[in-house]
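Each chain is listed here by its residues.
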Amino acid sequence: MTDTAHYKPVENLSKALKLMKIFHDLTQKELAEKLGISKSYLSEIESGKKTPTINLLKRYSEVFDVPISSIIFFAEHLDSDVDLEETIEFVDVKIIYLLKFIKSKNWSDNNIA
């Protein structure tokens, strides 16, 4: 369950989407092209200035081949101590790899800003 005292939906979703881009070793320009949006709009999404629409989340889902629900799960659990081994039955494996990747890098907000 998400700790609502620390949960910031737009910030966490923006951070999750940016981390997915980093994990897949894409530049903003490359991802913007794949998503069919401008680089400046992608930048605003990643910085939390704009909130992605459900249609844009669907395109992220298609580009990264993960369900929208897994993207949301990833965003909700970025700042938590969720047991990754126990969640594997409920979450797309790619999201588990993303969470492990971040943990292995000891990333904080300062590393992805």
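Parameters and conventions
Residues numbered from 1 in each chain as written. Predicted model: local features only at pLDDT ≥ 70, side-chain atom pairs only at ≥ 80, totals over all residues. Heavy atoms only, no water. Helix = DSSP H or I, 4+ residues; strand = E, 2+ residues; numbered from the N terminus. Buried < 20%, exposed > 50% of the residue type's maximum accessible area, 1.4 Å probe, protein only. Contact = heavy atoms within 4.5 Å. Areas by Shrake-Rupley, 256 points an atom, 1.4 Å probe, with all protein chains shown as cover. Salt bridge = Lys/Arg side-chain N within 4 Å of Asp/Glu carboxyl O. Phe/Tyr/Trp six-rings, centres within 6.5 Å; stacked < 30°, edge-to-face > 60°.

**Student:** Help me understand the overall build of the protein in this model?
**Tutor:** The secondary structure content of the protein amounts to eight helices and zero strands. In the protein, the order of α-helices and β-strands from amino to carboxyl end is α-α-α-α-α-α-α-α. Split into buried and exposed, the 113 residues of the protein put 38% on the buried side. Long-range pairs, those at least 24 residues apart, make up 60% of the contacts in the protein between residues at least 6 apart in sequence. Accessible surface computed for the protein: about 6,900 Å², of which carbon and sulfur atoms make up 51%.

**Student:** Help me understand the pattern of salt bridges, please; the structure alone is not making it clear to me.
**Tutor:** Opposite charge on two side chains allows them to pair when their charged atoms are near. In the structure shown here, the tally under the stated rule is two salt bridges. With a closest N to O distance of 3.0 Å, E46 and K21 form a salt bridge. Pair noted here: E46 is in helix α3 (residues 39-47) and K21 is in helix α1 (residues 9-23), with a separation of 25 residues, a long-range link. Since its relative accessible area comes to 8%, E46 is described here as buried. With relative accessibility at 8%, the residue K21 sits in the buried group.

**Student:** Would you mind going over the packing of aromatic side chains with me for this structure?
**Tutor:** Evaluation of the coordinates by the stated rule reveals two aromatic pairs. Note on F23 and F101: the rings are 5.1 Å apart at their centroids and 75° apart in plane angle, and the pair reads as edge-to-face. One end of the pair, F23, is in helix α1; the other, F101, is in helix α7 (residues 93-105), and 78 residues separate them in sequence. What makes F23 partly exposed here is its relative accessible area of 30%. With a relative accessible area of 21%, F101 lands in the partly exposed category. Measuring from centroid to centroid gives 6.0 Å for Y60 and F64, while their planes differ by 35°, and the two rings are tilted. With Y60 and F64 both in helix α4 (residues 54-64) and four residues apart, the pair spans about one turn of that helix. By relative accessible area, Y60 is classed as buried at 0%.

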